[in-house]
Amino acid sequence: ATGFQVTNLKAEDFQGTIIANLTGNKLVLDNNWNTATNPDVQFIAAGINASGTITSANNFGGVISVTNLGNVGATIALHTSKLLSYGIKADAFNVNGMIEAEIYVNAYDQDSEKGNKSWNVQSVFGIKVDTLKADAFSGTISVNGGTAAPAFGIYASNYNCGIASNLAGDAFDINGTIYS
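Residues numbered from 1 in each chain as written. Predicted model: local features only at pLDDT ≥ 70, side-chain atom pairs only at ≥ 80, totals over all residues. Heavy atoms only, no water.

A. Here's a closer look at the environment of Gln 122. The topology assignment puts Gln 122 in strand S10 (residues 121-133). In contact with Gln 122, not counting residues within four places along its chain, are Leu 83, Asn 116, Ala 148, Ala 149 and Pro 150. (Helix = DSSP H or I, 4+ residues; strand = E, 2+ residues; numbered from the N terminus. Contact = heavy atoms within 4.5 Å.)

This is how it looks when you write it as structure tokens:
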């Protein structure tokens, strides 16, 4: 389930609401899955999933809510089953202003009947990018993966310049709240 699937997203402002729910699914593998022809299976829940760049000419706000619950995977030695949850996922996220969004990603329920089961890999991200560039973050990010899924508020994977400010000589400011 993905609220907004794009290659690149270019917006003047973003102030919308996106809700994505991936619930109650079951991965079933038949006898044709006894070789490593297709070794990975992924179930993804995302608010915005951009394979390229997200660019906002002004502030980036709005509400993104992602729920990923009650999904049953399969743990077979030849295959890797992945359950991945993202508020925002992109190669690059560039905002000419502040990120003011409220991002909520939940992939955990303490009731074992409603939780996710039997996945080789589970991960939960508020924002997952290679690079993030904005004046500041002043929103709210809340991610919950319980004990089975590592949870990251903001994950910028580029070693050289993962997070940077638009303002020359200034640090990227975090004035908001991140729960992970």
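From this point, the discussion proceeds with the structure in view.
B. Quick look at the sheet that holds strand S15 (residues 173-174). Read across the open sheet, the three strands follow the order S8-S11-S15; overall the sheet is parallel. Each of the sheet's edge strands pairs with one partner strand only, and the pair in question is strand S8 (98-99) and S15. Where S8 lies against strand S11 (residues 136-137), two bridges are found, and the strand directions are parallel. If you follow Ile 99 over to S11, its bridge partner there is Phe 137. (Pairing = 2+ DSSP bridges.)

C. Broad picture of the nonpolar core. Ile 48, Ile 54, Phe 60, Ile 88, Phe 93, Ile 99 and Ile 103 are the most contacted members of the largest nonpolar core, which has 38 residues in total. Breaking this core down by element, the ones donating at least two residues are strand S3 (17-23), strand S4 (40-50), strand S6 (63-69), strand S7 (80-95), strand S9 (102-106), S10 and strand S12 (140-144). If we skip the residues at most four places from it in the chain, Phe 60 touches Phe 14, Gln 15, Ile 48, Ile 54, Ile 88, Phe 93, Val 95, Met 98, Ile 99, Glu 100 and Ala 101. (Core = buried A, V, L, I, M, F, W, Y, C linked by side-chain atoms within 4.5 Å. Buried < 20%, exposed > 50% of the residue type's maximum accessible area, 1.4 Å probe, protein only.)

D. Highlighting the sheet that holds S12. Strand order in the open sheet formed by five strands is S3-S6-S9-S12-S16, with parallel pairing between adjacent strands. Both edges of this open sheet fall to S3 and strand S16 (177-179), since each of them pairs with a single strand only. Adjacent strand axes in the sheet meet at a mean angle of 0°, parallel and antiparallel pairs treated alike. Pairing between S3 and S6: seven bridges, direction parallel. From the neighbouring strand, Leu 22 faces S6, where its bridge partner is Asn 68. (Axes fitted to C-alpha atoms, helices over the stretch in contact; angles between N-to-C directions.)

E. Layout of the packing of aromatic side chains. By the definition in use, this model includes seven aromatic pairs. Each ring, one from Tyr 86 and one from Phe 125, has its centre 5.3 Å from the other, and the planes form 15°; the classification is stacked. Within this pair, whereas Tyr 86 is found in strand S7, its partner Phe 125 is found in strand S10, the two being separated by 39 residues in sequence. For Tyr 86, a relative accessible area of 4% puts it in the buried group. Residues Phe 125 and Tyr 155 carry aromatic rings whose centres are separated by 5.6 Å and whose planes lie at 70° to one another, so their mutual orientation is edge-to-face. Residue Phe 125 is found in strand S10, and its partner Tyr 155 is found in strand S13 (residues 151-156); the two are separated by 30 residues along the sequence. (Phe/Tyr/Trp six-rings, centres within 6.5 Å; stacked < 30°, edge-to-face > 60°.)

Remember that the coordinates give geometry; whether it matters functionally is a separate question.
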